[in-house]
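Fold and contact review
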Amino acid sequence: MVYILYFALLIIGALLTDSRAFGKRYLFVIMLFLFVVIGFRDTAVGTHTLGYTEDYMWFAISYSIT
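Quick look at the structure, then. Remember, predicted model here, so these are calculated numbers, not experimental data.

**Details of the overall build of the chain**
For the chain, the helix and strand inventory stands at three helices and zero strands. Listing every helix and strand of the chain by position from the N terminus yields α-α-α. Taken across its 66 residues, the chain has 8% of its residues classed as buried.

The structure is reproduced here in structure tokens:
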């Protein structure tokens, strides 16, 4: 649902931006929103995220031992 909203904002912004200065600010806001969505996602969301965090923890432990 969040990604559908995100891509809808991208399409609306692409259609409405006509000045270059507003386009750069709009791009910055959209990139910031995507960063927040990706950064604050829980490990229970999605099918791969838990596997990635478990792999990261395993590698972190194995490197700290040596």
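From this point on, the discussion continues.
**Structural notes on the environment of Ala-14**
Summarising the element assignment, Ala-14 is placed in helix 1 (residues 2-16). Accessibility expressed as a relative area gives 56% for Ala-14, which makes it exposed. Each C-alpha atom, one on Ala-14 and one on Tyr-26, is 9.2 Å from the other, the two residues being 12 residues apart in sequence.

**What about a nonpolar patch on the surface?**
On the surface, Phe-28, Val-29, Leu-32, Phe-35, Val-36 and Phe-40 cluster together into a nonpolar patch covering about 680 Å² of accessible area. On the secondary structure map, Phe-28 appears in helix 2 (residues 20-39).

**A closer look at the packing of aromatic side chains**
Across all of its chains, the model carries one aromatic pair by this definition. Centre to centre, the rings of Trp-58 and Phe-59 are 5.0 Å apart; their planes meet at 75°, and the pair counts as edge-to-face. Trp-58 sits in the exposed class, given a relative accessible area of 55%. Note on Phe-59: relative accessible area 42%, which makes it partly exposed.

Rules used throughout
- Residues numbered from 1 in each chain as written.
- Predicted model: local features only at pLDDT ≥ 70, side-chain atom pairs only at ≥ 80, totals over all residues.
- Heavy atoms only, no water.
- Helix = DSSP H or I, 4+ residues; strand = E, 2+ residues; numbered from the N terminus.
- Buried < 20%, exposed > 50% of the residue type's maximum accessible area, 1.4 Å probe, protein only.
- Patch = residues over 30% accessible without salt bridge, like charges linked within 9 Å, V, L, I, M, F, W, Y side chains within 5 Å.
- Areas by Shrake-Rupley, 256 points an atom, 1.4 Å probe, with all protein chains shown as cover.
- Salt bridge = Lys/Arg side-chain N within 4 Å of Asp/Glu carboxyl O.
- Phe/Tyr/Trp six-rings, centres within 6.5 Å; stacked < 30°, edge-to-face > 60°.

Read these as geometric descriptors, not functional statements.
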